[in-house]
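Chain by chain, the residues:
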Amino acid sequence: MLFRSTAALQRHAVVLDLRADTGVLTWEALRQAPEGGTWGLCASERGLQSMQQMSLQLPETERPQLLRGDYRDLAAAWQTSEAEEVRFDAIIGRDALPALDAPALQALTAVLAPTGTLCLHQHLVGENQRLWSLLRFEEQDLALRALAVDAEERLYAAAPGANWSAESLAAALSEAGFAVVQARVDEHHGKRLISASMLDRFFASEASAYAKALR
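Notes on the structure follow. Within every chain, residues take consecutive numbers counted from 1 along the sequence as written. Local features in this predicted model are restricted to residues of pLDDT 70 or higher, and side-chain atom pairs are both shown and tallied only at a pLDDT of 80 or more, whereas totals for entire chains, interfaces and linings draw on every residue. Each side-chain value is derived from all of the structure's non-hydrogen atoms; neither hydrogens nor water enter the calculation.

### Let's talk about the overall build of the protein
The helix count covers DSSP runs of H or I at least four residues long, the strand count covers runs of E at least two residues long, and both are numbered beginning at the N terminus. When its secondary structure is counted, the protein shows nine helices and five strands. Shown N-terminal to C-terminal, the secondary structure of the protein runs as helices and strands in the order α-β-α-β-α-β-α-β-α-β-α-α-α-α. By principal-axis analysis of the C-alpha atoms, the protein measures approximately 65 × 40 × 30 Å. Burial analysis of the protein (215 residues in total) assigns 37% to the buried set. Should any heavy atoms of two residues lie within 4.5 Å, those residues are considered in contact. The contacts of the protein with a sequence gap of at least 6 include a subset with a gap of at least 24, amounting to 67%. Surface accessibility in these figures is a Shrake-Rupley result with a 1.4 Å probe; residues are shielded only by whichever protein chains are displayed. Summed over its atoms, the accessible surface of the protein is roughly 13,600 Å², and 51% of this surface lies on carbon and sulfur atoms. In summary, the charge assignment counts Lys and Arg as positive and Asp and Glu as negative, without counting His or the chain termini. Taken as the charge centre is NZ of Lys, CZ of Arg, CG of Asp or CD of Glu, depending on the residue. When the 20 positive and 28 negative side-chain charges of the protein are each reduced to one mean point, those points stand 6 Å apart. Exposure is judged per residue with a 1.4 Å probe applied to protein chains only, and the accessible area is read against the type maximum: over 50% gives exposed, under 20% gives buried, and values in between give partly exposed.

This is the structure in structure tokens:
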């Protein structure tokens, strides 16, 4: 896990997972800090119910404290819970920022302990490989290629967070009041079989945003 070295959790640490819907980081935080306390914000009602069901397998004293909402709802969630005096040694999250909201980022500093750490793993959507880069066009089809490139780039431009970079995220956190901000980019390379069903999902499905953009 990314935060194993970055957040350096102690056994008695109090941790907040900003995106606990899947529980991936939440359960890891519980394992690393069994003597502290783990809280989780679930962005969806389905995620909250799923986490609550899984938590029932643990003794009551070891279960994470779960709330509904995302980081923009943090202040309101705290006012309606018993956590108003809680200060976190670590705040973690994977793809936990649906938008760069300056007041909400500042609210994170209010619930973070003076020596606490914020550790985020954010997918930079704009860096994704483009489908058009996988296509081979004949010379007589270069005009069609230009249309395909334009359609996909417009689709990405409209996606939330498409223009984010490690630098812009670091700048937003610095402006929000975080004292020391470090950012790094990890590239993920993998292979995927282009199946008939995947092609149908991209080009034939009526629900496909990509197909609509091409049309």
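Structure shown, so let's carry the discussion forward.
### Brief notes about the side chain of aspartate 17
By the secondary structure assignment, aspartate 17 is in strand 1 (residues 14–17). Of the side chains with opposite charge, arginine 19 comes closest to the buried, unpaired aspartate 17, at an N-O distance of 8.1 Å. What qualifies as a polar contact is a pair of N or O atoms within 3.5 Å, subject to a donor-acceptor requirement within protein and to the restriction that residues adjacent in sequence count only when both atoms come from side chains. At 2.7 Å, the side chain of aspartate 17 forms a polar contact with the side chain of threonine 26. Here a salt bridge means any side-chain nitrogen of Lys or Arg lying within 4 Å of a carboxyl oxygen belonging to Asp or Glu.

### Observations regarding the packing of aromatic side chains
Any aromatic ring pair is given by two values, namely how distant the centres are and how the planes are angled relative to each other. Classification of ring pairs uses Phe, Tyr and Trp, with its six-membered ring standing for Trp, and accepts pairs whose centres are within 6.5 Å; under 30 degrees between planes counts as stacked, over 60 as edge-to-face, and the remaining range as tilted. Applying the stated criterion across every chain yields a total of four aromatic pairs. For the pair phenylalanine 202 and tyrosine 210, a centre-to-centre distance of 6.3 Å together with 65 degrees between the ring planes defines the contact as edge-to-face. Seen in terms of ring centroids, phenylalanine 203 and tyrosine 210 are 5.6 Å apart; in terms of plane orientation they differ by 70 degrees. Their pairing is edge-to-face. Overall, tyrosine 210 belongs to the buried group, its relative accessible area being 8%. Members of the aromatic cluster, each reached through a chain of ring pairs, are Phe202, Phe203 and Tyr210. The lysine or arginine in question, arginine 130, covers the ring of tyrosine 156, its NZ or CZ lying 3.8 Å from the ring centre. Both a distance and an angle decide whether a charge sits over a ring: NZ of Lys or CZ of Arg must be within 6 Å of the ring centre and within 35 degrees of the ring normal.

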